[in-house]
Amino acid sequence: MASKKINQSIKKFREEILSGEIPYGYLLPSEKQLAEKMQLSRPTVSKIYNVLCEEGLVQKKAGHGTSVIYKKNVNKHTFGLLFPGAGESEIFGEISDCFLNLEKENNVKFLWDGTIANDAMIRQNTILEICESYLKNKVDGIFFAPLEMVENASFLNNKVCEMIDRNNIPIILLDRDVVLFPLRSKYPVIGLDNYRAGYMMTQHLIMNGCEKIYFLCRKGSANSVYKRIMGCNSSCFDAGIDFEKEHLIVGDPADIEVLKKIKISPGKTGVLCVNDSTASILLANINKLDVEVTKDILIAGFDNMKYSEVLQVPLTTYQQPIKDIVSESFKVMLNIAGNRERISMDIVIGGEMIVRKSTTFL
C-alpha cells in the first residue's frame, strides 16, 4: 500500500513539474512536512524526492531544501510593435526601448520596423506595409499605437485592425483607441489616465493664479485628447471658472491667427497644451502677441520630453508612466496570445506632474 502511494506521489509531482504547474525554482515542502501530510515516514518521503532528483526534476540542497530545477520549454513568442507616431513624439521611441529591454528578461522577440519617420505622410504611406510584414512573419500579437496627425488616420487605423483581425492575431492598443471617445472598440486599450492628468494640470494652473484657462491642441491630435479636455473642463467647473467653446483652440501654435484666439488677461491666463511639442512651439511664438510667459501667461504640457526642461522657459508637464504602460501591456498580451482570446478592457495608469518655471507668475 505504501509503495503504491509513493508511486502515485512521484507520478503526481512529475506531471505537475513537467506541465509547469509547479514552476522552476519552486521550493517543495520539507521532507518532514510532506511526511506529516502523507502520513508516511521521513525516509519514505526521502525516496520520493530522490527519484525526482535522479530524473533531473528537483535538486536537494543542504540548508535550503528541495527545489524544482526543471524549466518547461515554452515556445518563443514574437510580437510586432506598430508605432507610426514614433516620428511625431519621442514617447514611442522610449516605449519601444522598454519593450526591447523585455527581450533580455523574457523568452520573446519584438519586431520594430520603419515606424520612426518624421514626416506624417511617410508614416501614412508605410503603416499598411509594415503591418503586412508583421503578418507575413506570423507574429503572435501586435502592440499598436493608432496613427494621428493625418486626415485619414481613422480610416487607416481601422484598416490596420481589420488586417490583423483577419489573421486572428491579438491587438493591444497603446495610449488611445481607434474610435472617438465615448465610443469604444473591441480591443484592449492601455495608457495614461488622461482624464485625471487633464484635471490635475488644470487644477495646478488655477492654484497658481489662473482665472482663465485655454486648452490648445493641433488638428488631428490623438483620440486621447478628448479625455484631457474633459479633465480640464471638469477642473474649471469645480473651481467655478468658465470653460466655453472658445476656450478650446484647435490649430497650429506657430500661426499668429491661432494665437490671437487666446484672449489674454495679464497675470490671470493659463494655457494647457495637448503635449510638450505643442507647448514648446507656443513658448517660441507667444511673444508675437507681445506677451511674456510667467508674467502675463502660464503654459503647461504633457509627456515630459527631454527638451522640456531646457526650453527658454522650463516647461511644467505631466510625465507618462512609460514603464508601467509597457509592463501592463506585456502582461495582458501574454494572457491572450496563446488562445487568441479577445478581451475588451481599459487599463489607465497614473503619471506624475513635473513642475517647472512655466507655471509660476513672477
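These figures come from a predicted structure and were not determined experimentally. (Residues numbered from 1 in each chain as written. Predicted model: local features only at pLDDT ≥ 70, side-chain atom pairs only at ≥ 80, totals over all residues. Heavy atoms only, no water.)

Helices and strands together make up the secondary structure of the protein, namely eleven helices and 14 strands. For 362 residues, the compact-globule estimate of 2.2 N^0.38 gives 21 Å, and the protein exceeds it by more than 25% at 27 Å. By principal-axis analysis of the C-alpha atoms, the protein measures approximately 95 × 45 × 35 Å. Here the protein, with 362 residues, has 49% of them falling under the buried criterion. When contacts within the protein are restricted to residue pairs at least 6 apart in sequence, long-range pairs at least 24 apart make up 74% of them. With an accessible surface of roughly 18,000 Å², the protein has 50% of that area assigned to carbon and sulfur atoms. Each charge class in the protein can be summarised by its mean position, and for the 44 positive and 44 negative side chains these summaries are 8 Å apart. (Helix = DSSP H or I, 4+ residues; strand = E, 2+ residues; numbered from the N terminus. Rg over C-alpha atoms; globule rule 2.2 N^0.38 Å. Buried < 20%, exposed > 50% of the residue type's maximum accessible area, 1.4 Å probe, protein only. Contact = heavy atoms within 4.5 Å. Areas by Shrake-Rupley, 256 points an atom, 1.4 Å probe, with all protein chains shown as cover. Lys, Arg positive; Asp, Glu negative; His and termini not counted. Charge placed at Lys NZ, Arg CZ, Asp CG, Glu CD.)

This next bit is on the sheet that holds strand 10 (residues 269-273). Here four strands make up an open sheet; going across it, the order is 9-8-10-11 and the pairing parallel. The sheet is open, and its two borders are formed by strand 9 (248-250) and strand 11 (297-300), each paired with just one other strand. Across this sheet, the average inter-strand angle for adjacent strands is 20°, counted without regard to direction. Relative to strand 9, strand 8 (residues 212-217) is paired through three bridges, and the arrangement is parallel. Counterpart to Cys217 in the pairing with strand 9 is Val250. Contacts between helix 8 (residues 225-238) and the sheet are confined to strand 8, strand 9 and strand 10, with strand 8 contributing the most and set at about 180° to the helix. (Pairing = 2+ DSSP bridges. Axes fitted to C-alpha atoms, helices over the stretch in contact; angles between N-to-C directions.)

Another point: the pattern of salt bridges. Throughout the structure, instances matching the rule amount to ten salt bridges. Among the ionic pairs, Glu148 bridges to Arg176, the shortest N-O distance being 3.4 Å. Here Arg176 lies in the loop between strand 6 (171-174) and strand 7 (189-192) and Glu148 lies in the loop between strand 5 (141-144) and helix 6 (153-166), a separation of 28 residues in the sequence. The shortest N-O distance in the salt bridge between Asp165 and Lys186 comes to 3.2 Å. Placement of the pair is Asp165 in helix 6 and Lys186 in the loop between strand 6 and strand 7, with a sequence separation of 21 residues. If you follow the salt bridges from partner to partner, you end up with Glu148, Asp175 and Arg176 in one network. (Salt bridge = Lys/Arg side-chain N within 4 Å of Asp/Glu carboxyl O.)

Take helix 8 next. End to end, helix 8 covers 20 Å across 14 residues, agreeing with the expected 20 Å (1.5 Å per residue, within 8%). Val225, Arg228, Ile229, Gly231, Cys232, Ser235 and Cys236 are the residues of helix 8 that are buried. Taken end-on, helix 8 shows its buried residues confined to a sector of 160°, consistent with a single buried face. Across helix 8 from its buried face, at more than 90 degrees, point the exposed residues Phe237 and Asp238. Looking at the buried positions of helix 8, the neighbouring elements they touch are strand 7, helix 7 (194-207), strand 8, strand 9 and strand 10. Remark: Gly240 follows helix 8 within two positions and exhibits a positive phi of approximately 75°. (Expected span 1.5 Å × (residues − 1). Arc of directions from axis to C-beta.)

What follows deals with the nonpolar core. Counting residues in each nonpolar core, the largest one holds 26 residues, and the members touching the most others are Phe83, Ile95, Phe99, Phe110, Phe143 and Leu174. Of all the secondary structure elements, the ones that give two or more residues to this core are strand 3 (77-82), helix 4 (91-102), strand 4 (108-111), strand 6 and helix 11 (322-337). Listed in part, the 23 residues of the second largest apolar core include Leu82, Phe144, Val160 and Leu173. (Core = buried A, V, L, I, M, F, W, Y, C linked by side-chain atoms within 4.5 Å.)

Now for the side chain of Thr316. Its place among the elements puts Thr316 in the loop between strand 11 and strand 12 (317-319). Side-chain polar atoms of Thr316 contact the side chain of Thr359, separated by 2.7 Å. If sequence neighbours within four positions are ignored, Thr316 has contacts with Met201, His204, Ile299, Ala300, Gly301, Ile354, Val355, Arg356, Ser358 and Thr359. (Polar contact = N/O pair within 3.5 Å; in protein donor to acceptor, adjacent residues only side chain to side chain.)

Glancing now at the sheet that holds strand 13 (residues 346-349). An order of 4-3-5-6-7-13 is seen for the six strands of this open sheet, with the pairing classed as parallel. Edge positions in the sheet fall to strand 4 and strand 13, since each of these pairs with one other strand and no more. The average angle at which neighbouring strand axes cross in this sheet is 20°, direction not considered. Pairing between strand 7 and strand 13: four bridges, direction parallel. Counted as the bridge partner of Ile190 is Ile347 from strand 13.

What follows is about unusual backbone geometry. With an omega of 15°, the peptide bond running from Phe181 to Pro182 counts as cis. Positionally, Pro182 belongs in the loop between strand 6 and strand 7. A positive phi is found at Asp303, a non-glycine position, where the angle reads about 110°. You can see Asp303 is positioned in the loop between strand 11 and strand 12.

Taken together, the side chains of Leu180, Phe181, Tyr195, Tyr226 and Met230 make up a nonpolar region of the molecular surface, amounting to roughly 440 Å² of accessible area. Counting through the fold element by element, Met230 comes out in helix 8. (Patch = residues over 30% accessible without salt bridge, like charges linked within 9 Å, V, L, I, M, F, W, Y side chains within 5 Å.)

These values are about where atoms sit, not about what they do.
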